[in-house]
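# A closer look at the structure
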Amino acid sequence: MKNIAIIIGGKSVEHEVSIITGMQVFDNIDKDIYEPKIIYIQKDGKWLVGNSLEDINNYKTKDFKDTYEVLPGFRDSKLILYPHPEIQRGFFGKKYPTQEVDMVFLALHGTNVEDGALQGLFQMNDVPFTFGSVVSSAVGMDKVIMKKVFESNKLPIVDYIWFYRSSFEEEKDKIIKEAENIGYPLIVKPANLGSSVGISKANNLDELLFAVEVAMSYDRKIIVEKCIENVREINCAVMGYENKLETSLCEEPVGWKEFLTYEDKYMGNNKASTESKRRIPANIDEEIERKIIKYAKESFKSIDCCGNARIDFLLDGNNIFVNEINTIPGSIAFYLWEGKEISFKELINKIIELAEIQYKQRKNNIISYDIDLLNRIGDQGKVK
Ligand SMILES: Nc1ncnc2c1ncn2[C@@H]1O[C@H](COP(=O)(O)OP(=O)(O)O)[C@@H](O)[C@H]1O
Ligand SMILES: [Mg+2]
């Protein structure tokens, strides 16, 4: 059976959300085909393994008995989890096993873990991993680069400007003028976060300056964009790789106030409130739905995603804007596929199969180009 490690946590503001996603994946993964285990990357960056990581209650009390710290190593396209040398030394009698992993299932959200950094570790070491490559993860996370790619693919996006934190200190007046040219109300976002962290709305100059201060405390790259009033949000997931893409039902999150906050997204206290917070399928015209499906697929393809991603749209009357793409969506957006008769278990199977296809495609590339360069070079480093 294939050993799959579901990796959760990480040095990210979306650490807790990732634990929820990871537990859902662990509970729903097909255990007849796969042998899953959890790797928990703590906020301090330590990697833990062990059975008590399989129960979400242990994260509430931070009671991780029967776990141990491992260091990642790589060999023959496998991830090898070595017990940390220090714990080996400290324990007499008890020996911690080294574990091998065939594929990693990334159930992580946010900077460092959804942005290509963690993907790079596996891509470089030839270990198959779920969801997009380094490039697609990086582009999907950086809202500025993402907008640039969407723009060049003729996808509709709202008016925006962006700047570095250091530029704001140097040319504040110019930046403020450019932002005000878009026209209030504005919305200010750190370029690289998620879950609405650090995002605020500004109706005037004072609020704009404050919103920029807030965003700059989270990121060195800031976006100011037109805030659509009475906006409707529509989300749609896409599953596939390259040209073979299918879309989920569309959802409309409802019942929030100014904009969807972290609390709105995750702190629905009971099932009833969670259900009342999204309308699936969204109540939209056929023509709008048709365009959303088209834009969702184009967005997915434009940044070279793999597996399953959720594309979020803003609706201003009949005008549609692509807001963002989540390359590892919260809960893997499983709830959007149920209406298409695809269970959570089937969705996970599909994401793993697509990860294998992506991995094989990468393996097909030539990685050495042998022209015997070194033997053709003389002592002075010049070609003979
Ligand atoms: N241009 C906009 N106009 C109106 N509301 C917006 C706009 N951009 C974002 N929002 C609101 O802010 C929320 C978070 O913004 P988003 O760009 O999705 O960032 P995040 O990556 O944190 O989810 C959105 O879900 C939406 O409610
Ligand atoms: Mg969002």
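First, a word on what this report is: a plain description of the structure on this page. Please read these numbers as outputs of a predicted model, since none were measured by experiment.

### A short note on the environment of Gly-22
- Note that Gly-22 resides in helix H1 (residues 15-28).
- A relative accessible area of 0% means that Gly-22 is categorised as buried.
- Those residues in contact with Gly-22 that lie beyond four places of it in its chain are Ile-6, Ile-8, Ile-38 and Ala-107.

### Quick look at the sheet that holds strand E5 (residues 78-83)
- Read from one edge of the open sheet, 7 strands run E6-E5-E4-E3-E2-E1-E7, paired in mixed fashion. Edge strands, defined here as strands with exactly one partner in the open sheet, are strand E6 (99-101) and strand E7 (103-106). Going across the sheet, the axis of each strand differs from the next one's by a mean of 40°, ignoring polarity.
- Of the strand pairs in this sheet, strand E1 (residues 2-9) and E7 are connected by 4 bridges, and their pairing is parallel. Bridge pairing links Ile-6 to Phe-105 in E7.
- Lying on the sheet, H1 is in contact with E1, strand E2 (34-41) and E7; it crosses E1 at an angle near 155°.
- Contacting E1, E2, strand E3 (47-50), strand E4 (67-75), E5 and E7, helix H4 (residues 117-124) runs over the sheet at an angle of about 170° to E7.

### Concerning the sheet that holds strand E16 (residues 319-326)
- With antiparallel pairing, the 5 strands of this open sheet are ordered in space as E14-E13-E12-E15-E16. Each edge of the sheet is formed by a strand with only one pairing partner; in this case those strands are strand E14 (278-279) and E16.
- Examined bridge by bridge, strand E15 (residues 306-316) and E16 share 7 bridges and lie antiparallel to one another. Along E16, the bridge assignment pairs Leu-315 with Ile-320.
- Running at roughly 135° to E15, helix H12 (residues 286-302) makes contact with strand E12 (232-241), strand E13 (244-253), E15 and E16 of the sheet.

### Looking at a nonpolar patch on the surface
- Taken together, the side chains of Tyr-369, Ile-371, Leu-373 and Val-383 make up a nonpolar region of the molecular surface, amounting to roughly 440 Å² of accessible area.
- Within the secondary structure, Leu-373 is located in the segment after helix H13 (344-363).
- Judged by relative accessible area, Leu-373 falls into the partly exposed class, the value being 42%.

### Here we look at the pairing of E1
- Summarising burial for E1: 7 of the 8 residues are buried, a large majority.
- Relative to E2, E1 runs parallel, the two being bridged by 8 bridges. Across the sheet, residue Gly-9 finds its bridge partner in E2, namely Ile-41.
- Assessed by its sense of winding, the connection that carries the chain from E1 through H1 to E2 is right-handed.

Conventions used here
Residues numbered from 1 in each chain as written. Chains lettered and ligands numbered in written order. Predicted model: local features only at pLDDT ≥ 70, side-chain atom pairs only at ≥ 80, totals over all residues. Heavy atoms only, no water. Helix = DSSP H or I, 4+ residues; strand = E, 2+ residues; numbered from the N terminus. Buried < 20%, exposed > 50% of the residue type's maximum accessible area, 1.4 Å probe, protein only. Contact = heavy atoms within 4.5 Å. Pairing = 2+ DSSP bridges. Axes fitted to C-alpha atoms, helices over the stretch in contact; angles between N-to-C directions. Patch = residues over 30% accessible without salt bridge, like charges linked within 9 Å, V, L, I, M, F, W, Y side chains within 5 Å. Areas by Shrake-Rupley, 256 points an atom, 1.4 Å probe, with all protein chains shown as cover. Salt bridge = Lys/Arg side-chain N within 4 Å of Asp/Glu carboxyl O. Right-handed = clockwise from strand over helix to strand, strands pointing away.

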